[in-house]
Amino acid sequence: MTAELIDGRSCAARLREQVQADVRELTARGARPGLATVLAGDSYPARAYERRVRDLAESLGCRYSCVALPGDAAEADVVAAVGGLCADPRVSGVLVLRPLPPQVSEAAVYRALDPLKDIEAVHPVNAGLLALERPRFVPSTPASVFHLLDTYLSRDGRDPGEVYRRSRVVVVGRSANVGKPVVSLAMARGATVVSCDVHSARAGLLREHTTAADILVVAAGVPGLLRGVDVKPGVIAVDVGINAVHDEMTGAVRLVGDLDHDSVARRAAAITPVPGGVGPVTYTWLLRNTVAAARLALATDPVRRAKGLPGPELDVRELVSA
Ligand code: NAD
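Residues numbered from 1 in each chain as written. Predicted model: local features only at pLDDT ≥ 70, side-chain atom pairs only at ≥ 80, totals over all residues. Heavy atoms only, no water.

Caption draft 1: View of the nonpolar core. In this structure, Val145, Phe146, Leu149, Ile236 and Val240 are the most contacted members of the largest nonpolar core, which totals 33 residues. Counting only elements with at least two residues in this core, the list comes to helix H1 (8–28), helix H6 (140–153), helix H7 (160–165), strand S5 (168–172), helix H8 (179–188), strand S7 (215–218), strand S8 (236–239) and helix H12 (278–299). Looking at this core, the element that brings in the most residues is H6, giving seven residues. Beyond its immediate stretch of four places on either side in the chain, Leu149 contacts Tyr164, Ile215, Ile236 and Val238. Core analysis: the second largest hydrophobic core is formed by 27 residues, Val19, Leu56, Leu286 and Leu287 among them. (Core = buried A, V, L, I, M, F, W, Y, C linked by side-chain atoms within 4.5 Å. Buried < 20%, exposed > 50% of the residue type's maximum accessible area, 1.4 Å probe, protein only. Helix = DSSP H or I, 4+ residues; strand = E, 2+ residues; numbered from the N terminus. Contact = heavy atoms within 4.5 Å.)

In structure tokens form, the structure reads like this:
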């Protein structure tokens, strides 16, 4: 079997057209969406991510700003930067870039976000709503995983919901930003879900679960963690990992996923490539969530918000769900 490639670039291009139309519509109504990022330190992946997000936001006509802090910034400075952006009415959504420097607690910074501008759903309220299957925002990477799966599964008129309800979904990696939300979204679709992390690998349990997966999502950050022998023939495999490795032959740096692509592709029914799979959809989804946050701000009474009172009852699920 040679797997069908699930093409993230073409999915992202279609999504981008929708987001572009939404940005135009909101801008015409005087509510131009604005994205702001907070970058602390000079981690290469965080800076690379910031550049990609900036380019996309600007090309779509969104407002964009980035607060860059030095690597030795105090936690209070990062918290203050987040608070300042959340108080700015021109900013619809705020993204805190990871990794933060070691002296800065992610939890403290996430708590400083305004939940209505927390487009990656990392504030405890939004993470809780997602776990309760009532998401306000669906974080961009997990949303992209299901956008790609839904797109693949719905071709030829199939019902993706039917497939999920009959499938065992195995998620490798359990981070708060990727693995756990993927588990929540798979459970919300009625799948039978197994979550594995580094402890499963240390206990020798990983292959037992990955070889049973009908749908396999891998987000561990370990290049080539799983090979063809680790997966079931006919699996649908989503590779979230983005790892920079040195090519021994050429010395050049290239990006690879957590799957050994070629050997898994020989067994799988479908597979996402790296690069060109989950990544391009993720950036676009972040802007989609920025648009959703701009709509939310429009729908929320600013006077009540200024007084710290809750906004009107909103059913935001249809607005922002994957
Ligand atoms: P993380 O380091 O926060 O979490 C990694 C998770 O994998 C942990 O739960 C850990 O226990 C688990 N793990 C580590 N080694 C393992 C092993 N040998 N076996 C099983 N589980 C193991 O990382 P993250 O932020 O969740 O990111 C994971 C990967 O996804 C990284 O490569 C990252 O670059 C990539 N990523 C890609 C996108 C995208 O849009 N494509 C977005 C975010 C992250």
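Structure shown, so let's carry the discussion forward.
Caption draft 2: Highlighting the site of the ligand. The environment of the ligand is made up of 23 residues, and the closest members are Arg174, Ser175, Val240, Ile242 and Thr282. Ile242 is positioned with one of its backbone polar atoms (N or O) 3.0 Å from an oxygen atom of the ligand. Side-chain polar atom of Thr282 to an oxygen atom of the ligand: 2.9 Å apart, as the coordinates give it. Across the complex, the protein chains shield 75% of the 860 Å² of accessible surface that the ligand would expose by itself. When residues of the shell around the ligand are assigned to their parent elements, the largest contribution, three residues, is made by H12. The residue inventory of the shell around the ligand, partitioned by class, reads 12 nonpolar, eight polar and three charged. (Near = heavy atom within 4 Å. Polar contact = N/O pair within 3.5 Å; in protein donor to acceptor, adjacent residues only side chain to side chain. Areas by Shrake-Rupley, 256 points an atom, 1.4 Å probe, with all protein chains shown as cover. Nonpolar A, V, L, I, M, F, W, Y, C, P; charged D, E, K, R; others polar.)

Caption draft 3: How the structure looks around the environment of Tyr49. Mapped onto the secondary structure, Tyr49 falls in helix H2 (residues 44–59). As a C-alpha pair, Tyr49 and Ser105 span 56 residues in sequence and 20 Å in three-dimensional space. Not counting residues within four places of it along the chain, the set of residues in contact with Tyr49 comprises Leu95, Leu97, Ser140, Thr282 and Tyr283.

These figures capture arrangement, not role.
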